[in-house]
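Survey of secondary and tertiary structure
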Amino acid sequence: TTTVYHMLTVELLPGKALGDFVLGMHITEAIAAIQQNMDVISQVELKFNENEPLSMDIVVDLTEDGVLLRFEPFSQRLKMIEVYEVPRICLSYSGTVFASHAIQPTFVLIYSRFGPSYPGDYAVDKHVYNLHYPGLSFTFPIPSRYHSLYSDGEDLPVEFPDGTTPITSRIFIYCGKNFRAAALPPIPSSSLYFEEIVVRVSEGLHFTRRGSTLTFESTAQDVLTELGMPNRYTCERETHTILLPDYVMPSLRIFYKEEDKMRIHSSHHEGRGAVGPSCADYFYNYFPLGLDILLDHHKHTIKKFILHTNFPTH
């Protein structure tokens, strides 16, 4: 039996993106992009500071592909992309492949593909040479016997005295002056991410940027009109078949909650053995908004709003 290995193939856009991963996107969008590419992305790890989740970047590590996605912890938007195992993926720029299992991204090749650059900097403690372009940096390890040649940072390591040329070991894509001081791109004025929401007790929610309000009299159709399609539709328990109108949930996969793991999501205070139509209320889950909306399956009107703090694993 022959094992076929599918290499992740992506286009690099300096200061903007690596394939589907775009600087400034929020973490739920990145996770959705990973899920859509599970045929080539086989393993993912989520890393964060469990004790102080806002003190360090949230990192999504594509371990088999050698790619790190770094998210600013407060906004959870993508701040920097790091390729730390360059040979594991296929990289192209302006439609031309410059790194793959068959093409080594040497200093000479990078210089010819991306054009001339100002002299970079030599990190004495790590013995690597960093070559910088706007929104893009390449790291080249320097053999110990040649450290003294580049310690002043004035010469480009195009070719070593033995005729070889260094090969890039890491690639950084970012906004800002350099990868050590990566900054988030501004949120587009048309974006509704980080929208301020006013809670009106016993009435509902007011969305300030879009200028709309949802109350406990609002219908499922009102929710879809104001917020768009949810990321997921969840039915509390699969007690019987429910036929919902097309305007309530057109073409979206249904997820059933067999266990009442989160009491806050319960629509009633009956025990877990409760049966009957009341168990068929359903949620619209809006992950980027940190918002779940519970709707009554008889009237299709809002019964409950759940606002999440959106800490990792919350």
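Parameters at a glance
- Residues numbered from 1 in each chain as written.
- Predicted model: local features only at pLDDT ≥ 70, side-chain atom pairs only at ≥ 80, totals over all residues.
- Heavy atoms only, no water.
- Helix = DSSP H or I, 4+ residues; strand = E, 2+ residues; numbered from the N terminus.
- Areas by Shrake-Rupley, 256 points an atom, 1.4 Å probe, with all protein chains shown as cover.
- Phe/Tyr/Trp six-rings, centres within 6.5 Å; stacked < 30°, edge-to-face > 60°.
- Buried < 20%, exposed > 50% of the residue type's maximum accessible area, 1.4 Å probe, protein only.
- Arc of directions from axis to C-beta.
- Contact = heavy atoms within 4.5 Å.
- Pairing = 2+ DSSP bridges.
- Axes fitted to C-alpha atoms, helices over the stretch in contact; angles between N-to-C directions.

**Regarding the overall build of the protein chain**
If you tally the helices and strands in the protein chain, you get four helices and 21 strands. Total accessible area on the protein chain stands at roughly 17000 Å², and carbon and sulfur atoms take up 53% of it.

**Description of the packing of aromatic side chains**
For any pair of aromatic rings, the description consists of the separation of the ring centres together with the inter-plane angle of the planes. Here the structure, examined in full by the defined rule, presents 16 aromatic pairs. For the ring pair Phe107 and Phe140, a centre distance of 4.9 Å and an interplane angle of 55° mean the geometry is tilted. Taken together, the residues Phe107 in helix H2 (residues 107-114) and Phe140 in strand S12 (residues 136-141) connect sequence positions 33 residues apart. A residue is classified by how much of its surface remains accessible, and Phe107, at 0% relative accessible area, is buried.

**As for helix H1 (residues 27-35)**
Those residues of H1 lying buried are Ile27, Ala30, Ala33 and Ile34. Projected down its long axis, H1 shows its buried positions confined to an angular sector of 115°, all on one face. For H1, the secondary structure elements touched by its buried residues are strand S3 (21-22), strand S4 (45-47), strand S5 (58-62) and strand S6 (67-71).

**Some points on the pairing of strand S19 (residues 282-286)**
Across the five residues that make up S19, a large majority, five, are buried. Taking every second residue as pointing to the same face, both faces of S19 are buried, with Tyr282, Tyr284 and Tyr286 on one and Phe283 and Asn285 on the other. Examined bridge by bridge, strand S17 (residues 232-235) and S19 share four bridges and lie antiparallel to one another. Within S19, the residue paired with Cys235 across the bridge is Tyr282. Pairing geometry for S19 and strand S20 (residues 291-295), over five bridges, is antiparallel. Along S20, the bridge assignment pairs Tyr286 with Leu291.

**Section: the sheet that holds strand S16 (residues 212-215)**
Two orientations exist for strands paired in a sheet by backbone hydrogen bonds: parallel and antiparallel. Spatially, the three strands line up as an open sheet ordered S14-S15-S16, and their pairing is antiparallel. Strand pairing shows two members of the sheet lacking a second neighbour, strand S14 (197-200) and S16, which therefore form its edges. On average, each strand axis in the sheet is inclined to that of its neighbour by 15°, with strand direction left out of account. Helix H4 (residues 220-227) rests against strand S15 (204-207) and S16 of the sheet, and its axis sits at about 155° to S16.

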